[in-house]
Amino acid sequence: MGFNCGIVGLPNVGKSTLFNALTATAQAEAANYPFTTVEPNVGRIAVPDPRLDEIAAAAGSSRVVPTHLEFVDIAGLVRGASRGEGLGNRFLGAIREVDAIAHVVRCFADDNVTHVDGAVDAVRDAETIETELMLADLESLEGRVEAWAKKARGGDDEAKAELAVAEPVLAALREGTPARQVAAASADGDRRRGLYLITDKPMLFVCNVDEASLPDGNALSAAAAARAEARGLPSVVISAKIESEVAALDEAAERAEFLAALGLAETGLARLVHAGYGLLGLITFFTANRREAHAWTVRRGTTAQQAAGAVHTDFARGFIAAETISCADFVAHGGERGAKDAGAMRQEGRDYVVQDGDVILFRFNV
């Protein structure tokens, strides 16, 4: 089950540097000029989770398999992208394909790194991106609404249903409000998703600061974070440059020492990955035996039978039960047998809603 988060922003805000640090590779060229990244690069990032190592130790697992989140490095948008400026149509098309958006906002001043508008202004830059995304949605939706309205006047019930969902969103976009801020009735979920609107995707702000502004940020990042909060969006403060230096260190002890010198308990990238995970409404459950301890990603609200299908389709098809132990109990009692002996194992049915941290043994018969 794949989930991905697109990294977007103006040119030269640190997107490719961030992506390179995330993937610890040079997959995306990071250079000081616009449109360095022409094709979207995709990197699968292990989600940091200390519980997995604890579960592996308790189970005596020979192998540890983390869960992953995909990040997509999408080339920089510029003002006018919705009208095709700066290869905008290609870039906007790439954004439509992702599940969520990490909006990188430049919150550092550096005379050696050019800015497309000549000077750094985090709020203005954020507004530029948000406006272009809304204009793209507006253009995409207006033609469809016009076609549906024509059919509705002819008595087409399907078109009337589409209009009921689309018209409030279109009105909001015309007022400068992103689609995600327009409430949708639960019954309209499929139609709403079928609009394929960029501004309906969950978004977080990534405030990219200089080393001196770590760990708390600066005035620019504070302004960007305030804008995000006003729109009900999360934000994280990182320094892409520092993160790339951390990623270049081979030893965990070296990385920890480097971070400690900067007053950081963990990498900004770890915070970003967790923020992206939360943004997508994801949780982790685990399977564990002597062969391997494995973390699995599912959406919050997933049932036991659906989670079984994430492991293997046969598990869902022949589902019998999910023998479930909380992570804390699994570790505290030294694994499955100890937890079972302590009465900490529960047998759950197909409709059980999986909880973050569950360790599950699926019983099935095909």
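Note that residues are indexed from 1 along each chain, following the sequence as it is written. Owing to the predicted nature of the model, reporting of local features is limited to residues with pLDDT of at least 70; listing and counting of side-chain atom pairs is limited to 80 or more, with chain, interface and lining totals taken over all residues. Values shown for side chains rest on all heavy atoms present in the structure; no hydrogens or waters enter the calculation.

Hey, could you run me through the nonpolar core in this one?
Note on soluble globular proteins: their nonpolar side chains tend to be buried together. Only buried residues count toward a nonpolar core, which is a set of Ala, Val, Leu, Ile, Met, Phe, Trp, Tyr and Cys residues joined through side-chain atoms within 4.5 Å. Whether a residue is buried, partly exposed or exposed follows from its accessible area with a 1.4 Å probe, protein chains only, as a fraction of its type maximum: under 20%, in between, or over 50%, in that order. Ranked by size, the top nonpolar core spans 60 residues in total, and within it Leu-18, Leu-22, Phe-71 and Val-206 carry the most contacts. Note on contacts: a residue pair is in contact if any heavy atoms of the two residues lie within 4.5 Å. Those residues in contact with Val-206 that lie beyond four places of it in its chain are Leu-18, Ala-102, His-103, Val-104, Val-105, Val-236, Ile-238 and Leu-272. Residues Ala-149, Ala-159, Val-182 and Leu-197 belong to the second largest nonpolar core, which totals 19 residues.

Please explain the pairing of strand β5 (residues 100–106) as it appears in this structure.
Two faces make up the sheet, and in a regular strand the side chains alternate between them. Secondary structure elements follow DSSP: runs of H or I of four or more residues count as helices, runs of E of two or more count as strands, with numbering from the N terminus. Most of β5 sits inside the fold, with seven of its seven residues counted as buried. Side chains of β5 alternate between two faces, with Ala-100, Ala-102, Val-104 and Arg-106 and Ile-101, His-103 and Val-105 buried alike. Paired strands, as defined in this entry, are two strands with at least two bridges between them according to DSSP. By the bridge criterion, four bridges tie strand β1 (residues 4–8) to β5 in an arrangement that is parallel. If you follow Ile-7 over to β5, its bridge partner there is Ala-102. When β5 meets strand β6 (residues 203–208), the two strands line up parallel, connected through six bridges. From the neighbouring strand, Ile-101 faces β6, where its bridge partner is Met-203.

It is not clear to me how the environment of Phe-319 should be interpreted in this structure. Could you clarify?
Turning to its location among the elements, Phe-319 is positioned in strand β10 (residues 319–326). Once the C-alpha coordinates of Phe-319 and Gly-309 are considered, the two residues, ten residues apart in sequence, prove to be 9.1 Å apart. Other than its neighbours up to four places away in sequence, Phe-319 contacts Ala-304, Gln-305, Ala-308, Glu-348, Gly-349, Arg-350, Phe-362, Arg-363 and Phe-364.

How should the sheet that holds strand β2 (residues 41–46) be read in this particular structure?
Adjacent strands of a sheet pair through backbone hydrogen bonds, lying either parallel or antiparallel. Pairing within the open sheet is mixed, and its six strands lie in the order β2-β4-β1-β5-β6-β7. Across the chains shown, the open sheet's two edge strands, defined by having one partner strand only, are β2 and β7 (235–238). Mean inter-strand twist for the sheet, computed between neighbouring axes without regard to direction, equals 25°. Direction of pairing for β1 relative to strand β4 (residues 68–73): parallel, over a ladder of four bridges. Bridging from a neighbouring strand, Ile-7 pairs with Asp-73 of β4. Axis definition: a line fit to C-alpha positions, over the contact stretch in the case of helices; interaxial angles, taken between N-to-C directions, run 0 to 180 degrees. Helix α4 (residues 122–153) contacts β5 and β6 of the sheet and is inclined by roughly 145° relative to β5.

Looking at this structure, I do not really get helix α7 (residues 219–230). What am I missing?
Each turn of an α-helix holds 3.6 residues, which means side chains three or four residues apart point in the same direction. Here α7 contains twelve residues, and its C-alpha end-to-end distance of 16 Å stays within 8% of the 16 Å for a straight helix at 1.5 Å per residue. The complete set of buried residues in α7 reads Ser-221, Ala-224, Arg-227 and Ala-228. Buried residues along α7 cover an arc of 120° about the axis, so they all sit on one side. More than 90 degrees from the buried face of α7, the exposed residues found are Ala-219, Glu-229 and Ala-230. Packed against the buried residues of α7 are β5, α4, β6 and β7. Two N or O atoms count as a polar contact when they lie within 3.5 Å, although within protein this holds only if one can serve as hydrogen donor and the other as acceptor, and sequence-adjacent residues are included solely when both atoms are side-chain atoms. For α7, the side-chain oxygen to backbone nitrogen distance between the N-cap and Leu-220 is 3.1 Å, and the N-cap itself is Asn-218. Count one or two residues on from α7 and you reach Gly-232, which has phi positive near 70°. Multiplying one less than the number of residues by 1.5 Å gives the expected span of a helix. This arc corresponds to the set of directions leading from the helix axis out to the C-beta atoms.

Before we go on, may I ask you to explain the confidence of the model for the protein in this structure?
Close inspection of predicted coordinates is inappropriate in any region flagged by low pLDDT. Per residue, pLDDT captures the predictor's confidence, and it can take any value from 0 to 100. Of the residues in the protein, 91% reach a pLDDT of 70 or more, and the chain-wide mean stands at 89. Contacts from residues 25–30, a stretch scored under 50 in pLDDT, to residues over four places away or in other chains number 18 contacts. Note on residues 33–38: pLDDT is under 50 here. Beyond four places in sequence and across chains, it has 19 contacts.

Please explain helix α10 (residues 268–279) as it appears in this structure.
End to end, α10 covers 16 Å across twelve residues, agreeing with the expected 16 Å (1.5 Å per residue, within 8%). When we look at burial in α10, the residues that qualify are Gly-268, Leu-269, Ala-270, Leu-272, Val-273, Gly-276, Tyr-277 and Leu-279. Looking at the residues trailing α10, positive phi occurs at Gly-281, about 70°.

How should I be thinking about unusual backbone geometry in this particular structure?
Working note: non-glycine residues mostly have negative phi, and peptide bonds are mostly trans. Cis geometry is found at the peptide bond from Leu-214 to Pro-215, where omega equals 0°. Along the chain, the position of Pro-215 falls in the loop between β6 and α7. One non-glycine residue, Asn-12, lies in the positive phi region at around 65°. Relative to the assigned elements, Asn-12 resides in the loop between β1 and α1 (15–23). Unusually for a residue other than glycine, Tyr-196 sits at a positive phi of about 55°. Here Tyr-196 shows up in the loop between α6 (189–193) and β6. We classify Tyr-196 as exposed; its relative accessible area is 63%.

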